[in-house]
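So the chains spell out like this:
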Amino acid sequence: METALTRLVGVRHPLVQTGMGWVAGPRLVSAAANAGALGILASATMTTDQLRDAVREVKSRTDKPFGVNLRADAGDAGDRVRIMIDEGVRVASFALAPSRELIAGLKEAGVVVVPSVGARRHAEKVAAWGADAVIVQGGEGGGHTGEVATSVLLPQVVDAVDIPVVAAGGFHDGRGLVAALAYGAAGIAMGTRFLLTSDSTVPDAVKARYLAATVKDVTVTTAVDGLPHRMLRTEFVEGLERAGRTGALVRAVRRAAGFRRISGLSWSRMVRDGLAMRHGRDLSWSQVLLAANTPMLLKASMVDGRTDLGVMAAGQVAGVIEDLPSCAELVGRVMAQAHEVLDTLPRRDGARPPWAETCGGGPGD
Ligand SMILES: Cc1cc2nc3c(=O)[nH]c(=O)nc-3n(C[C@H](O)[C@H](O)[C@H](O)COP(=O)(O)O)c2cc1C
């Protein structure tokens, strides 16, 4: 299925496996790429040396194009971009809108720039600055998320910009792909669905919590880092919500110290990144510190398997996902269903679609 996305980045299918901190490592990214989707490596939780090694590992596992996700506001974003250019990474994905200069530098080096956005005005801004495409995430999506549902935000962004738009937030199957294409998207990006594959390195106990979740077990909270964050509702998250500001702050400092140790970041770099996160938002100083805490909480689940002590970022789709296919099985299944659905849609010539024969009527009956 050829779309503006497959043409732009050179992948076989209009599917993206998104950058997820601690989750989207070399194994998942190369499996997604080998399956014909665009795999995106998450780099915000890596040091620059780890990023270089991870990029090289992906290249050793696949010759297909892939991307790297980074925080545009990170103090060392320039170094990360340099590594991407040196290593010939095809796509740069950003968690927050990158600057005009960053976009220009990447494009000059032949890297395709695809920021993730959660609002129309951000899409308009990065499009005006030269981004090649945008991933637009509706409120259903996992991780930091907005309030507007994909079904409203996606067509709004499609109408506002003239670059390819990739839909994210709430997608897990071929029906979703066709729906997104109908809204004018060039493909879909999935986070939670790719986390729940046999190729993802997330510990089994954590995957089991996702599989057991219903749609009502997925919540949005600001208790972790002050920003709306969609995740599984657990006793730990409820505890964070109950713990007043001081309790949360003490825990935040402790975990931030842990993250500093493993990430090799200096306190000043962490404070700078925290301040960058605060920029333009109404975050208190305690929330700035809490922001430094988030990577540790995600790691506790995604790497250490602590379902009791960590944050399990999740889209609402976690409530409808029930299995752990490989990336190859997942991509094959999504594309097969998309083609099937396209074949069964009502036609303008009045021909009855095949489902009408078995179900006894069409949508209007
Ligand atoms: C566990 C997890 C970690 C995430 N980490 C990041 C990240 O580091 N950077 C980023 O841009 N988005 C991150 N996200 C958001 C995803 O990239 C993606 O936009 C989102 O999962 C799409 O919604 P879906 O889960 O309904 O597919 C994360 C999402 C999850 C579930």
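Worth saying up front: this structure is predicted, and the values here are computed from it rather than measured.

Calculation notes
- Residues numbered from 1 in each chain as written.
- Predicted model: local features only at pLDDT ≥ 70, side-chain atom pairs only at ≥ 80, totals over all residues.
- Heavy atoms only, no water.
- Axes fitted to C-alpha atoms, helices over the stretch in contact; angles between N-to-C directions.
- Helix = DSSP H or I, 4+ residues; strand = E, 2+ residues; numbered from the N terminus.
- Parallel < 35°, antiparallel > 145°, perpendicular 65-115°, else oblique.
- Left-handed = near helix turned anticlockwise from the far one by under 90°.
- Contact = heavy atoms within 4.5 Å.
- Nonpolar A, V, L, I, M, F, W, Y, C, P; charged D, E, K, R; others polar.
- Salt bridge = Lys/Arg side-chain N within 4 Å of Asp/Glu carboxyl O.
- Buried < 20%, exposed > 50% of the residue type's maximum accessible area, 1.4 Å probe, protein only.
- Near = heavy atom within 4 Å.
- Polar contact = N/O pair within 3.5 Å; in protein donor to acceptor, adjacent residues only side chain to side chain.
- Areas by Shrake-Rupley, 256 points an atom, 1.4 Å probe, with all protein chains shown as cover.
- Core = buried A, V, L, I, M, F, W, Y, C linked by side-chain atoms within 4.5 Å.
- Domains from an automatic or database assignment.
- Pairing = 2+ DSSP bridges.
- Right-handed = clockwise from strand over helix to strand, strands pointing away.

Trainee: Please provide a residue-by-residue account of the packing of helix α6 (residues 120-128) against helix α7 (residues 150-160), values included.
Mentor: It is the contact of α6 with α7, at a shortest axis distance of 9 Å, that shows an interaxial angle of 30°. The angle between the axes of α6 and α7 places the two elements in the roughly parallel class. As α6 packs across α7, the resulting crossing turns out to be right-handed. Residue-level contacts link R120, A123 and E124 of α6 to L153, Q156, V157 and A160 of α7. For the contact of α6 with α7, the residue count by class is 4 nonpolar, 1 polar and 2 charged.

Trainee: Before we move on, could you go through the pattern of salt bridges and cite the residues and values that matter?
Mentor: Within the structure shown, the criterion is met by 16 salt bridges. Among the salt bridges present, the one from R120 reaches E124, with a minimum N-O distance of 3.8 Å. You can see R120 and its partner E124 sitting in helix α6, 4 residues apart, about one turn around the helix. For R120, a relative accessible area of 38% puts it in the partly exposed group. With a relative accessible area of 33%, E124 lands in the partly exposed category. Here D308 ties to R306 by a salt bridge, and the two come within 2.9 Å at their closest N and O atoms. Judged by relative accessible area, D308 falls into the partly exposed class, the value being 45%. Residues participating in the shared-partner salt-bridge network are R56, K59 and E87.

Trainee: Any details on the site of the ligand? Residues and values, ideally.
Mentor: Near the ligand you find 18 residues, and of these T18, Q137, G170, G191 and T192 are the closest. Between G142 and the ligand, the recorded distance is 3.3 Å, taken from a backbone N or O atom to an oxygen atom. In isolation the ligand exposes 610 Å². Once the protein is present, 90% of that is buried. A breakdown of the residues in the shell around the ligand according to their chemical character gives 6 nonpolar, 12 polar and no charged.

Trainee: Help me get a handle on the nonpolar core, residues and values and all.
Mentor: One finds F194, Y210 and M302 to be the most contacted residues of the largest nonpolar core, which totals 62 residues. Here this core spans two domains, since at least three of its residues come from each of domain 1 (4-201 + 325-359) and domain 2 (235-316). Setting aside residues no more than four positions away along its own chain, M302 makes contact with G21, W22, V23, L195, T201, V202, P203, V206, Y210, V311, M312 and A313. Among the nonpolar cores identified, the runner-up in size contains 25 residues, and L41, A72, I103 and L106 belong to it.

Trainee: Residues and numbers for unusual backbone geometry, please.
Mentor: Although it is not a glycine, W22 sits at a positive phi angle of roughly 70°. Residue classification places W22 among the buried positions, given a relative accessible area of 19%.

Trainee: Describe in detail the pairing of strand β8 (residues 165-168), supporting the description with residues and values.
Mentor: Burial along β8 is two-sided: V165 and A167 facing one way and V166 and A168 facing the other are all buried. Note that strand β6 (residues 134-137) and β8 share 4 bridges and pair parallel. Looking at the pairing, V136 lines up with A167 of β8. Note: β8 against strand β9 (residues 187-190), 3 bridges, orientation parallel. The residue bridging A167 from the neighbouring strand is I188, located in β9. On the question of chirality, the crossover connecting β8 to the parallel β9 by way of helix α8 (residues 174-182) is right-handed.

Interpretation note: all reported values are geometric properties and have no functional meaning in isolation.
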